[in-house]
Amino acid sequence: MLQAKAANKPSSVSVVRATLAATARSALSRLGSAGRAGALASAAACATLALGCGPGAMPASVRHPLVGSAAPEFHAESTAAVTVGVPGTRRTRVTVIDFWASWCASCSRTLPALDALWRDRKADGVAVIGVNVDDSEAAAEAAAYELGATFPIVADLGQRLTGTYGVAQVPLTFVVDGAGTVRWVGRDPAIARRAVEVLLSERPAGARSAFE
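These lines cover the structure that appears in this document, whether it is placed above or below. (Residues numbered from 1 in each chain as written. Predicted model: local features only at pLDDT ≥ 70, side-chain atom pairs only at ≥ 80, totals over all residues. Heavy atoms only, no water.)

1. A closer look at the overall build of the chain
Scanning the chain for helices and strands turns up six helices and seven strands. For the chain, the succession of helices and strands along the chain, N to C, is α-α-β-β-β-α-β-α-β-α-β-β-α. A burial count over the chain gives 38% of its 212 residues as buried. Counting every atom, the chain has about 10,900 Å² of accessible surface; 57% of that belongs to carbon and sulfur. (Helix = DSSP H or I, 4+ residues; strand = E, 2+ residues; numbered from the N terminus. Buried < 20%, exposed > 50% of the residue type's maximum accessible area, 1.4 Å probe, protein only. Areas by Shrake-Rupley, 256 points an atom, 1.4 Å probe, with all protein chains shown as cover.)

2. Some thoughts on the state of the cysteines
Considering all chains together, one arrives at one disulfide under this definition. One disulfide bridge connects cysteine 104 with cysteine 107, the sulfur atoms lying 2.5 Å from each other. Handedness here is read from the sign of the S-S torsion; for cysteine 104 and cysteine 107, about 85°, the answer is right-handed. (Disulfide = S-S within 2.5 Å.)

3. Structural notes on the sheet that holds strand β6 (residues 172-176)
Overall, mixed pairing links the five strands, which are arranged β5-β4-β3-β6-β7 in an open sheet. Each of the sheet's edge strands pairs with one partner strand only, and the pair in question is β5 (153-155) and β7 (182-186). Each strand axis lies, on average, 20° off the axis of its neighbour in the sheet, ignoring direction. Where strand β4 (residues 126-132) and β5 come together, three bridges link them in parallel fashion. Each residue of the ladder has a partner; that of asparagine 132, found in β5, is alanine 155. Each of β3 (94-100), β4 and β6 is contacted by helix α3 (residues 107-121), which is oriented at about 160° to β3, the strand it contacts most. Its contacts with the sheet place helix α4 (residues 137-147) against β3, β4 and β5, and it is angled at close to 110° to β3. (Pairing = 2+ DSSP bridges. Axes fitted to C-alpha atoms, helices over the stretch in contact; angles between N-to-C directions. Contact = heavy atoms within 4.5 Å.)

4. Some remarks on the environment of valine 167
With respect to the helices and strands, the residue valine 167 is situated in the loop between α5 (160-164) and β6. Along the backbone, valine 167 and histidine 64 are 103 residues apart, and their C-alpha atoms lie at a distance of 9.2 Å.

5. Re the packing of α3 against helix α6 (residues 189-202)
The interhelical angle for the contact between α3 and α6, taken along N-to-C directions, is 25°, at an axis separation of 9 Å. With respect to α6, the axis of α3 lies roughly parallel. When you trace α3 past α6, the crossing you get is right-handed. Taken together, the residues of α6 that come into contact with α3 (itself represented by Arg109, Thr110, Ala113, Leu114, Ala116, Leu117, Asp120 and Arg121) are Pro189, Ala192, Arg193, Val196, Glu197 and Leu200. Across the contact of α3 with α6, the residue classes break down as eight nonpolar, one polar and five charged. (Parallel < 35°, antiparallel > 145°, perpendicular 65-115°, else oblique. Left-handed = near helix turned anticlockwise from the far one by under 90°. Nonpolar A, V, L, I, M, F, W, Y, C, P; charged D, E, K, R; others polar.)

6. Let's talk about the pairing of strand β2 (residues 83-86)
As paired strands, strand β1 (residues 74-77) and β2 are joined by four bridges and run antiparallel to one another. What sits directly across from phenylalanine 74, in β2, is valine 86. In textbook terms, the turn of a hairpin is the stretch between consecutive antiparallel strands, and for β1 and β2 this stretch comprises five residues, one of which, alanine 81, has a positive phi near 65°.

This is the structure in structure tokens:
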């Protein structure tokens, strides 16, 4: 069973931080005391967000063996009788896979947020797939309806996908890029959205996936 922990920041982040710190020191030397206080507050806020202040900064993942590796391929029929999976369709630029359960309290926050992401970005090639780990398809459908999830739901009754993706606890969300690489894993839907936005910014709209 895997225990998800905060991942170490990549070395490139350390380099960017050092550069920002040097720039900040130079700017602070030209400010008065009031200006220094305001600048330091902004810098602290930016550091708290792990350099999420600018575009292109992929947020940190939890520790998981699939980060940076190929996403396990699968195709399954959703509760709406639509086949979904990895790789996606010709238009898929980012795939978000969320493992959840009806009895999971945190999932009641995750699913509505991911549904909003899907509705906002599906026209841009973002696919969201919910993988439910309950023991019946009826429970999965009822919980998805109750939480307002309109994206495809796959009932993983035998927990085959759950095992393949190394999911030890729910919710757990995977963000997969157009080349099929797992770029982010975590539990915060707001950070998942940031990861999706980073990936959408990496390739121009209309670019083709490596799966096509």
